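Structural characterization, general
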Amino acid sequence: MHIAKRAVRPLQLLLAALLAALLGAQALLVAGLTQLSPTDVPELQRFRWTLLVLAVVVLACAEVVVVATWRLLALVRADRIFSPGAFRWVDAIIGAFAAAWVALLVAVVPVLQFAQVDDAPGLGGLHLLLLLVGLVPVLLMLVMRALLTQATSLRSDLEAVI
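Okay, so let's go over this structure. (Residues numbered from 1 in each chain as written. Predicted model: local features only at pLDDT ≥ 70, side-chain atom pairs only at ≥ 80, totals over all residues. Heavy atoms only, no water.)

This part is about the pattern of salt bridges. The full count for this structure, using the stated rule, is two salt bridges. For Asp79, the salt bridge is made with Arg155, and the minimal N-O distance between the two is 3.6 Å. Of the two residues, Asp79 is situated in the loop between helix 3 (48–77) and helix 4 (84–117) and Arg155 in helix 5 (residues 122–161); the sequence distance between them amounts to 76 residues. Arg155 sits in the partly exposed class, given a relative accessible area of 27%. Salt-bridge contacts for Asp91 lead to Arg145; the nearest nitrogen and oxygen are separated by 2.5 Å. Highlighted residues: Asp91 in helix 4 and Arg145 in helix 5, separated in sequence by 54 residues. For Asp91, a relative accessible area of 35% corresponds to the partly exposed category. (Salt bridge = Lys/Arg side-chain N within 4 Å of Asp/Glu carboxyl O. Helix = DSSP H or I, 4+ residues; strand = E, 2+ residues; numbered from the N terminus. Buried < 20%, exposed > 50% of the residue type's maximum accessible area, 1.4 Å probe, protein only.)

As structure tokens, then:
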């Protein structure tokens, strides 16, 4: 656990840089997509607002994941990761991943309707693959939450014995 505690501060610095980059990307993306004229990219024009909402929601979810991970790292550093307070942050990560997946699902529907009309047969398969890959972090975090629950229970039992 000593090595893990020493790695927390560099990880938190990297998370701070990532959060700054995400906030910058969000600002640039919103500015870029709202100022897009119909003649710039005509293929993108019909999905401009769908892409804007999807991008903002997904980036906001990523920011929630970064902040929750920061808090979990603080709990690791304080040697309180196996406390009930950790579950709130793990649940926030699960919720953010799930919200991003739902936003992706909702955004894919109009694109798939367009793909049936357009001559892009692989686009539907690509979106389906993207949805399946997007579901992996949600399920992975659910498994990690179950492991945290089990480890917390075992640690409580061990402390009761000692």
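Still more ground to cover, so stick around.
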